[in-house]
Amino acid sequence: RKEVEQDPGPFNVPEGATVAFNCTYSNSASQSFFWYRQDCRKEPKLLMSVYSSGNEDGRFTAQLNRASQYISLLIRDSKLSDSATYLCVVNLISNFGNEKLTFGTGTRLTIIP
Amino acid sequence: DGGITQSPKYLFRKEGQNVTLSCEQNLNHDAMYWYRQDPGQGLRLIYYSQIVNDFQKGDIAEGYSVSREKKESFPLTVTSAQKNPTAFYLCASSIQGPGDEKLFFGSGTQLSVL
């Protein structure tokens, strides 16, 4: 099983719709979780952190489900500018107690006019 | 403006050649990283450094080398031992070490083999 797993998509969604995607992680000791956004052939940028209580930033909502070991990202009222690849990132703790950020393969989202 | 700068944007390597990718940051960050991105795969950590004159291997260090002689600079050399070097290489920095959520990335270098 991959340490961090995402549906690669693509998700093709009409403008204005709501879209959600999940990311599962294998290590139950993982402590922190993030969503990054990456535009084609550009660098990833931090979109938002994911907290146990869930958190919202404008049209974006992130949730964490520790029992089922997944995080989710919900985008409401999608805009053309939301078209990008969304990377799930997990802070994994190794057997030696070392921390390391592990990136998922990303979910590609295209918003259709 | 503070940031992290990678050069060149595109690089071509001949068979048996070593090439060096540059990464410079003026954010005063202690930690710097090199990642490799291949289609259909997540970013994979090559090397990282938490302090000047010290660096650690990541998950895929074979065929690569780094140096950290200055806080601002963390160049990556792709040696001839790396048999499949074609990829998008991303340099990053952060205030803290591995596990720090806020990574600042450079704009990347696309390396291709001639």
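Definitions and cut-offs
- Residues numbered from 1 in each chain as written.
- Chains lettered and ligands numbered in written order.
- Predicted model: local features only at pLDDT ≥ 70, side-chain atom pairs only at ≥ 80, totals over all residues.
- Heavy atoms only, no water.
- Helix = DSSP H or I, 4+ residues; strand = E, 2+ residues; numbered from the N terminus.
- Rg over C-alpha atoms; globule rule 2.2 N^0.38 Å.
- Buried < 20%, exposed > 50% of the residue type's maximum accessible area, 1.4 Å probe, protein only.
- Contact = heavy atoms within 4.5 Å.
- Areas by Shrake-Rupley, 256 points an atom, 1.4 Å probe, with all protein chains shown as cover.
- Lys, Arg positive; Asp, Glu negative; His and termini not counted.
- Charge placed at Lys NZ, Arg CZ, Asp CG, Glu CD.
- Salt bridge = Lys/Arg side-chain N within 4 Å of Asp/Glu carboxyl O.
- Pairing = 2+ DSSP bridges.
- Buried area = accessible area lost by both parts, 1.4 Å probe.
- Nonpolar A, V, L, I, M, F, W, Y, C, P; charged D, E, K, R; others polar.
- Phe/Tyr/Trp six-rings, centres within 6.5 Å; stacked < 30°, edge-to-face > 60°.
- Lys NZ or Arg CZ within 6 Å of the ring centre and 35° of its normal.
- Axes fitted to C-alpha atoms, helices over the stretch in contact; angles between N-to-C directions.
- Polar contact = N/O pair within 3.5 Å; in protein donor to acceptor, adjacent residues only side chain to side chain.

Engineer: Just to check I follow, could you spell out the overall build of chain A for this structure?
Structural biologist: A count of helical and extended segments in chain A gives zero helices and eleven strands. Sequence-ordered secondary structure for chain A, helices as α and strands as β, is β-β-β-β-β-β-β-β-β-β-β. A globule of 113 residues ought to have a C-alpha radius of gyration of about 13 Å, and chain A, at 14 Å, matches this closely. By principal-axis analysis of the C-alpha atoms, chain A measures approximately 50 × 30 × 20 Å. Burial statistics for chain A: of 113 residues in total, 44% are counted as buried. In chain A, of all internal contacts separated by at least 6 residues, the share reaching a separation of at least 24 is 57%. Here chain A has roughly 5,600 Å² of accessible surface; of this, 48% comes from carbon and sulfur atoms. With 12 positive and 11 negative side-chain charges, chain A shows a separation of 3 Å between the mean positions of the two kinds.

Engineer: What am I meant to see in the pattern of salt bridges here?
Structural biologist: Two side chains with opposite charge may pair up if their charged atoms get near one another. Going through the model one piece at a time under the given rule, you end up with eight salt bridges over all chains. A salt bridge links A:Lys79 to A:Asp77; the nearest nitrogen and oxygen atoms lie 2.9 Å apart. Look at A:Lys79 and you get partly exposed, because its relative accessible area is 32%. Relative accessible area serves as the criterion here: at 38%, A:Asp77 is assigned to the partly exposed category. Among the salt bridges present, the one from B:Arg36 reaches B:Asp38, with a minimum N-O distance of 2.8 Å. An identical accessibility class is assigned to B:Arg36 and B:Asp38; each is buried. Linked through salt bridges whose partners overlap, the residues forming this network are B:Arg36, B:Asp38 and B:Arg44.

Engineer: What exactly am I supposed to notice about the pairing of strand β11 (residues 107-112) of chain A here?
Structural biologist: Looking along a regular strand, one sees the side chains alternate between the two faces of the sheet. Residues and elements named next belong to chain A. Residue alternation in β11 divides its side chains into a buried set, Thr-107, Leu-109 and Ile-111, and an unburied set, Arg-108, Thr-110 and Ile-112. As judged from the four bridges shared by strand β2 (residues 11-14) and β11, these two strands associate in the parallel manner. If you follow Pro-14 over to β11, its bridge partner there is Ile-112.

Engineer: Is there a simple way to think about the interface of chain B and chain A in this case?
Structural biologist: Think of interface size as the accessible area that goes away when the parts come together; that is how it is often given. At the interface, 20 residues of chain B touch 17 residues of chain A. Both sides of the chain B and chain A interface together cover about 1,600 Å² of buried area, and 53% of this is carbon and sulfur. Summed over the shared surface of chain B and chain A, the result is one salt bridge. Of the charged contacts in the structure, one is a salt bridge between A:Lys100 and B:Asp59, with a shortest N-O distance of 2.8 Å. Among the elements of the structure, β4 (31-37) and β9 (87-94) of chain B are those that each provide at least two residues to the side of chain B that touches chain A. The residue inventory of the side of chain B that touches chain A, partitioned by class, reads eight nonpolar, eight polar and four charged.

Engineer: Any chance you could explain the packing of aromatic side chains here in plain terms?
Structural biologist: For any pair of aromatic rings, geometry is given as the distance between the ring centres together with the angle between the planes. According to the stated counting rule, one finds 13 aromatic pairs over all chains in the structure shown. Summarising the aromatic geometry, the rings of B:Tyr64 and B:Tyr89 are spaced 5.9 Å apart at their centres and angled 65° between planes, so their arrangement reads as edge-to-face. Taken as a pair, B:Tyr64 in strand β7 (residues 64-66) and B:Tyr89 in strand β9 lie far apart in primary sequence, 25 residues in all. Each member of the aromatic cluster is reached from another via a ring pair, and the members are A:Tyr36, A:Phe103, B:Tyr33, B:Tyr35, B:Tyr48 and B:Phe105. Seen from the ring of B:Phe88, A:Arg41 lies directly overhead, with NZ or CZ sitting 4.6 Å from the centre.

Engineer: It is not clear to me how the sheet that holds strand β1 (residues 4-6) of chain A should be interpreted in this structure. Could you clarify?
Structural biologist: In a beta sheet, neighbouring strands pair by backbone hydrogen bonds and run either parallel or antiparallel. All names here are of chain A. One open sheet holds the five strands; their spatial order is β1-β3-β8-β7-β6, and the pairing between them is antiparallel. Either end of the sheet is taken by a strand with one partner, and the two such strands are β1 and β6 (55-57). Along the sheet, successive strands turn relative to each other by an average axial angle of 20°, direction set aside.

Engineer: What's the story with the environment of B:Gln17 in this structure? I'm lost.
Structural biologist: All names here are of chain B. Position of Gln-17 relative to the elements: it lies in the loop between β2 (10-13) and β3 (19-25). Between the C-alpha atoms of Gln-17 and Leu-103, which are 86 residues apart in sequence, the distance is 31 Å. Not counting residues up to four positions away in its chain, the partners in contact with Gln-17 are Phe-12, Val-78, Thr-79 and Ser-80. A polar contact of 2.9 Å, which involves the side chain of Gln-17, links it to the backbone nitrogen of Lys-14.

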